[in-house]
Amino acid sequence: MLEHDDMTPEEARRDHREMLWFLAINAAFGMAIGVVVAAALVWLDLSGLGTHVSRSQMPMLSFAMMAVPLAFTFGGAVTASAIMLMPYERKTRS
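Residues numbered from 1 in each chain as written. Predicted model: local features only at pLDDT ≥ 70, side-chain atom pairs only at ≥ 80, totals over all residues. Heavy atoms only, no water.

Enquirer: I'm lost on the overall build of the protein chain in this one. Help?
Expert: The helix and strand inventory of the protein chain stands at three helices and zero strands. Written out in order from the N terminus, the α and β elements of the protein chain read α-α-α. Looking at the protein chain as a whole, 18% of its 94 residues qualify as buried. When contacts within the protein chain are restricted to residue pairs at least 6 apart in sequence, those whose partners lie at least 24 apart make up 79%. Surface accessibility of the protein chain: about 7,200 Å² in total, with carbon and sulfur atoms responsible for 69%. (Helix = DSSP H or I, 4+ residues; strand = E, 2+ residues; numbered from the N terminus. Buried < 20%, exposed > 50% of the residue type's maximum accessible area, 1.4 Å probe, protein only. Contact = heavy atoms within 4.5 Å. Areas by Shrake-Rupley, 256 points an atom, 1.4 Å probe, with all protein chains shown as cover.)

Enquirer: What is the right way to look at the pattern of salt bridges in this model?
Expert: Two side chains with opposite charge may pair up if their charged atoms get near one another. Counted by the stated rule, this structure contains one salt bridge. A salt bridge links E10 to R13; the nearest nitrogen and oxygen atoms lie 3.4 Å apart. Placement of the pair is E10 and R13 together in helix α1 (residues 9-43), with a separation of three residues, close to one helical turn. (Salt bridge = Lys/Arg side-chain N within 4 Å of Asp/Glu carboxyl O.)

Enquirer: How should I be thinking about unusual backbone geometry in this particular structure?
Expert: Leaving glycine out, the prevailing phi sign among residues is negative, and the prevailing peptide bond configuration is trans. Its identity is not glycine, yet D45 carries a phi of approximately 55°, on the positive side. Even without glycine at this site, S47 takes up a positive phi of about 55°. Mapped onto the secondary structure, S47 falls in the loop between α1 and α2 (49-55).

Spelled out as structure tokens, the structure:
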């Protein structure tokens, strides 16, 4: 029935789970980088950004409005680069 290079359904599920975990970890890492970049922009007060955020009526909302898009952008970029550089080889049955 199965050729020697076909995976069983359970092996395919395990392979997909491993790949999804790989992508999720990379996305989380990229999002963390985005939040760190946003915090660095505020902390270093580049172009008075930190001053504007600290003087706003809702500084956490102001920071979140800057950090969330950066987190999504960096998360997507890191995930895309992980997909492009993924050393994937078709797994075969032994």
